[in-house]
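Residue-level listing of the chains:
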Amino acid sequence: MSSTTAPSALILPALDRGLSPYTGLTRAHWCGYADHLLRSAHRYGTADHANIHLPGANSAYGPRSDSLEAFARTFLLASFRIAGDPQGTGWIAEWYAQGLDAGTNPANPDRWPTPGELGQAKVEAASLAVGLALTRDVLWDKLPQRVQEQLIAWFETVIGEEYPPINWVWFQIVVETFLASIGGRSSDEDIDAGLAIHDSLYRGHGWFADGPERAYDHYVGWAFQVYPQLWALMAPADPRVKARKALDGERLADFLDDAAYLVGGNGAPLIQGRSLIYRFAAAAPFWAGELSGHTRLSPGLGRRTASGMLDYFVRHGAVTDDGLLSIGWHGEFPGMKQSYSGAGSPYWAAKGFMGLAMPADHRVWTAVEEPLPVEAGDTQRLIAAPGWQLDGTAADGVVRIRNHGTDHANAGVAIADSPLYARLGYSTHTFPDVEPESLDNAVVMVDALGRLTHRTGFESLGQEDLGGVQVGASRATVNWIEPDPDGGPDHGSGAKGAPTPGPEVTVVSLTRGAVELRLVRVRGTSPGRPAVLRIGGWPVDAASGLVSEVRALPWGGTLGDAGTWNRKAPHPMGEHLTIPWIGTSGAAVDGDYAALVGLGREDARADLNGTSFLKPGRFEFADGTAIDIASVWTALQLEG
C-alpha cells in the first residue's frame, strides 16, 4: 500500500455568500471535500485496491472486516460523486473498478469475506449494491463479465441469511433488489419479510424505532428514511416499490418536518444516540427528500441544513490533517468507540454526501440558502414517538430536547442507563457525559456507597402543550444496578446487571425556551435504605461559553445541598466537563420537589433570574407566560 505518501491537498473555491449566506458552501465545496476524503483514504489502499487499511484500532470483527468496511463506505461516497458528475470522475470509477475485481476474486488470498461468512459484510454489501446501482452505466455495465459474475456470487450469499429485526433488514432488501436487476438470484420472501419488519417498527409521523425497544436515534433518518428512497431508485418498476411509493414518501416528508427542528444554529445535529461517529450522515434524509421529491422543506432550507452539518464538523476537526475521518465527534475521541467501530466505520458519514448524486443544475444546488427554524425564531415542538419536547432559542442557536420517551429499552426493564439514550435532556451544543452513572440531566437517588440510580424502563406519562409551555413526564421505580462484566457488547443499550429497586420517582418537565421547571415526586423511600436526592443540570465544557444552572424552588420538599461535578479530562467536545446539581442535604423523604434548570449563553441567566414561582402553585417564566401546577397534573392525569 502507499500510506507513506503525502496527504492529498484540499482545494476549495472561495465561499459564496450570495448563494449560501449562512454557510458559504456550494456544490463545488462539497465536491472538494469528497475528493479530498477519497484521495486521502486511497493512500491506505492495498496495491489491488481491494482493501483500505486505515490507521487506528480494529473493531471486534477484526482487520479483514474493517478494511472491507473502509472500501465499501468510501465507495458509497464515490458513487454519489460519480452519479452526479459521470464525466468528471473517471479517476474515481477506475480506482474502485479495480478493487471490486480483486475483492471478489476467489483466487485472491486477500479477498473480502462474503456476507455468508461475516455478519458485518452484510452491512457493507448494501453500500456496494447501492453504489453500483447508482453508477450502473459508468461502472457495472463496463465491468468484464468475469468480474460481474464474481460480484453476483459474492452478493448472492445474502440470500436466506438471517438479519436482526432492526435497520439491518434494509441491507438485505437493497442487495437482493440489485441482484434481481442484474440477472442474479434473489428471494421475494427475503424482501417481503424485510419490508414487513420495517413496517412493524413504524411509530408514527415519520418515526421508526430501531428494533422492538424504545430506540430512537439518527438511524431513523440515515437508515429507515434513506434506504426506501434509494430502493425506489434501484427498482422503479418493481410492483412493491410502486405500491409503497406514496407511503414511504409521506413518511419521509413527515420525518423531515421534525428533523429540521433538531439542528442547531451552529449546524450540529442533535447529539443523542449511538453511532455518532457517523457525524454528518445526519444530513442524508434531507438529501433523500430532494432526490426523491418527498419533502415539504424548501430546497434552500434542505441545503442549509446539510451544509451546516458539513461546515460544523469540518470547523471542529472531524477531518484530520491527513484527510481522514477519525472516531469521535469533533476530533478523535477513542471513548466513543463501540464494539462494532473500526477505523473505517466513520465513513458512513458518506451518506451525508448523497446530495452530490444530484447534478449541479438541480434546484437544491441553485436555490439560495434559507434559515434553519432555530435561526428564524424561537421554536417549540412536541415529537411524540421518541417522547421529546423541543425548545430552540434563536439568541444562541441552541436546540434542546427533554426526553420522556427514549431509553433504548422497554418499559419495566431494569438495566443501567445508556448515556446516549436515557438522559432527561440532550442538545445540539452539549455532549452527554459518557459515564452511565452521572448527574447529567438527572434525577437520581444516591445511596450510602455513592451509587446512583438508573431510570431505564420508565413509564412515559405523555406530553402536552399548555398555552405555550411544553410539558412531558415519566415515572420509574429507579434501580441501583450492579453491572454484569459479561453482559455483552455495546450496541447502544445500557449495561445489564443485578438491580436493587429504589423508590418510585416521577419527573415532570415544564419548558419554555432556555428554562425548564423540573418537578420531582418521590414515593416509597425507606428508612432502611436511606438515599439522598440529586437533580443534575446540563453538562457543559468550561470553554463552550454556555451557562448551565440548577436552582431550588420553594415548592414541596427542601433542596438544601448544591454543588458542581467536574471532570478535568478530555471529552468529545473539550477538556473540562462540569455539571451543576442540587439535592437534599440528608436522606430524601416522600414528597414533591422543584428545581429550575437552564442552559444557554451567559445572557440566559436573565431568563433564569426572571423566572419565578408564585404561591400557591403558580409558575411564571421570564416572558410572563404563567402556568398553574394543578393544570399540569390534570393534563397528565396525575394525582395532584
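Heads up: the structure comes first, above all this text.
Residues numbered from 1 in each chain as written. Predicted model: local features only at pLDDT ≥ 70, side-chain atom pairs only at ≥ 80, totals over all residues. Heavy atoms only, no water.

## Re the overall build of the protein chain
Helix and strand content of the protein chain: 15 helices and 20 strands. Rg of the C-alpha trace for the protein chain: 25 Å, near the compact-globule value of 26 Å for 640 residues, within the 12% margin. For the protein chain, the spread of C-alpha atoms along the three principal axes comes to 80 × 55 × 50 Å. Scored against the burial criterion, the 640 residues of the protein chain give a buried share of 62%. Pairs at least 24 apart in sequence give 70% of the contacts found in the protein chain among residues at least 6 apart. Measuring between centres, the 50 positive side-chain charges of the protein chain sit 2 Å from its 73 negative side-chain charges. (Helix = DSSP H or I, 4+ residues; strand = E, 2+ residues; numbered from the N terminus. Rg over C-alpha atoms; globule rule 2.2 N^0.38 Å. Buried < 20%, exposed > 50% of the residue type's maximum accessible area, 1.4 Å probe, protein only. Contact = heavy atoms within 4.5 Å. Lys, Arg positive; Asp, Glu negative; His and termini not counted. Charge placed at Lys NZ, Arg CZ, Asp CG, Glu CD.)

## Focus on the environment of Ala-283
Structurally, Ala-283 can be placed in the loop between helix 9 (239-259) and helix 10 (284-292). For the pair formed by Ala-283 and Pro-499, sequence separation is 216 residues and the distance between their alpha carbons is 39 Å. When residues no more than four places from it in sequence are discounted, the contact partners of Ala-283 are Ala-306, Met-309 and Gly-352.

## Considering the environment of Gly-392
Topologically, Gly-392 is positioned in strand 4 (residues 388-393). We classify Gly-392 as buried; its relative accessible area is 1%.

## Comments concerning the packing of helix 1 (residues 27-42) against helix 2 (residues 63-84)
At a closest axis distance of 10 Å, the pairing of helix 1 and helix 2 adopts a crossing angle of 140 degrees. Taken together, the axes of helix 1 and helix 2 lie oblique to each other. The way helix 1 lies across helix 2 gives a crossing that is left-handed. In this structure, helix 1 uses Arg-27, Cys-31, Ala-34, Asp-35, Leu-37, Leu-38 and Ala-41 to contact helix 2, whose residues at the interface are Thr-74, Leu-77, Ala-78, Arg-81 and Gly-84. Taken together, the residues of the contact of helix 1 with helix 2 break down into seven nonpolar, two polar and three charged. (Axes fitted to C-alpha atoms, helices over the stretch in contact; angles between N-to-C directions. Parallel < 35°, antiparallel > 145°, perpendicular 65-115°, else oblique. Left-handed = near helix turned anticlockwise from the far one by under 90°. Nonpolar A, V, L, I, M, F, W, Y, C, P; charged D, E, K, R; others polar.)

## Focus on the pairing of strand 5 (residues 398-403)
In terms of burial, strand 5 is largely enclosed, as six of its six residues are buried. A two-sided burial pattern is seen for strand 5, the buried positions comprising Val-398, Arg-400 and Arg-402 on one face and Val-399, Ile-401 and Asn-403 on the other. Between the antiparallel neighbours strand 4 and strand 5 lie four residues, among them Gly-397 with a positive phi of about 75 degrees. Of the strand pairs in this sheet, strand 5 and strand 6 (residues 425-427) are connected by three bridges, and their pairing is antiparallel. Its bridge partner being in strand 6, Ile-401 is matched across the sheet by Tyr-426. (Pairing = 2+ DSSP bridges.)

## What to know about the sheet that holds strand 20 (residues 626-628)
Strand order in the open sheet formed by three strands is 18-19-20, with antiparallel pairing between adjacent strands. In this open sheet, the two strands that pair with only one neighbour each are strand 18 (612-614) and strand 20. The mean angle between the axes of side-by-side strands here comes to 25 degrees, regardless of whether they run parallel or antiparallel. The sheet contact formed by strand 19 (residues 618-620) and strand 20 spans three bridges and is antiparallel. Within strand 20, the residue paired with Arg-618 across the bridge is Asp-628.

## Considering the side chain of Glu-369
Here Glu-369 lies in the loop between helix 12 (363-366) and helix 13 (373-376). Despite being buried, Glu-369 has no salt bridge partner; Arg-303 is the closest side chain of opposite charge, sitting 4.4 Å away. Separated by 2.5 Å, the side chains of Glu-369 and Thr-23 make a polar contact. Not counting the four nearest positions on each side in its chain, Glu-369 is found in contact with Leu-19, Ser-20, Pro-21, Tyr-22, Thr-23, Gly-24, Leu-25, Gly-300, Arg-303, Arg-304 and Ser-307. (Salt bridge = Lys/Arg side-chain N within 4 Å of Asp/Glu carboxyl O. Polar contact = N/O pair within 3.5 Å; in protein donor to acceptor, adjacent residues only side chain to side chain.)

## Thoughts on the pattern of salt bridges
For the structure shown, the criterion picks out 41 salt bridges. Between Arg-400 and Asp-396 there is a salt bridge, with its nearest N and O atoms 3.5 Å apart. Residue Arg-400 shares its accessibility class with Asp-396, and that shared class is buried. The salt bridge involving Glu-549 is made with Arg-551; its shortest N-O contact spans 2.9 Å. On the basis of relative accessible area, Glu-549 is assigned to the buried category, the value being 12%.

## A closer look at helix 11 (residues 299-315)
For helix 11, spanning 17 residues, the distance from its first C-alpha to its last is 24 Å, which sits close to the expected 24 Å at 1.5 Å a residue. Counting buried positions along helix 11 yields 14 of 17 residues, so the element is predominantly enclosed. Gly-317 sits one or two positions beyond helix 11 and adopts a positive phi of about 85 degrees. (Expected span 1.5 Å × (residues − 1).)

## Focus on the packing of aromatic side chains
Centre distance and the angle of the planes are the two values used to describe a pair of aromatic rings. If you walk through the whole model with that rule in mind, you get 32 aromatic pairs. Between Phe-71 and Phe-75 the ring centres are 6.3 Å apart and the planes differ by 15 degrees, which places this aromatic pair in the stacked class. Pair noted here: Phe-71 and Phe-75 are both in helix 2, with a separation of four residues, about one helical turn. For Phe-75, a relative accessible area of 0% puts it in the buried group. Through successive ring pairs, a cluster of aromatic residues spans Trp-30, Phe-280, Trp-287, Tyr-312, Phe-313, Trp-329, Phe-353, Trp-365 and Phe-431. We note Arg-39 situated over the ring of Trp-91; from NZ or CZ to the ring centre the distance is 3.8 Å. Sitting above the plane of the Phe-458 ring, Arg-214 keeps its charged end 4.5 Å from the centroid. (Phe/Tyr/Trp six-rings, centres within 6.5 Å; stacked < 30°, edge-to-face > 60°. Lys NZ or Arg CZ within 6 Å of the ring centre and 35° of its normal.)

## Brief notes about the sheet that holds strand 8 (residues 459-466)
Read from one edge of the open sheet, six strands run 8-9-10-11-17-14, paired in antiparallel fashion. Bordering the open sheet on either side are strand 8 and strand 14 (546-552), each of which pairs with just one other strand. For this sheet, the mean angle separating the axes of adjacent strands, direction not counted, is 25 degrees. Bridge count for strand 8 against strand 9 (residues 469-483) is seven bridges, and the pairing is antiparallel. Bridge pairing in strand 9 links Asp-465 to Gln-470.

## Focus: the environment of Pro-86
Summarising the element assignment, Pro-86 is placed in the loop between helix 2 and helix 3 (90-104). Accessibility expressed as a relative area gives 37% for Pro-86, which makes it partly exposed. Separated by 49 residues in the primary sequence, Pro-86 and Thr-135 place their C-alpha atoms 8.3 Å from one another.

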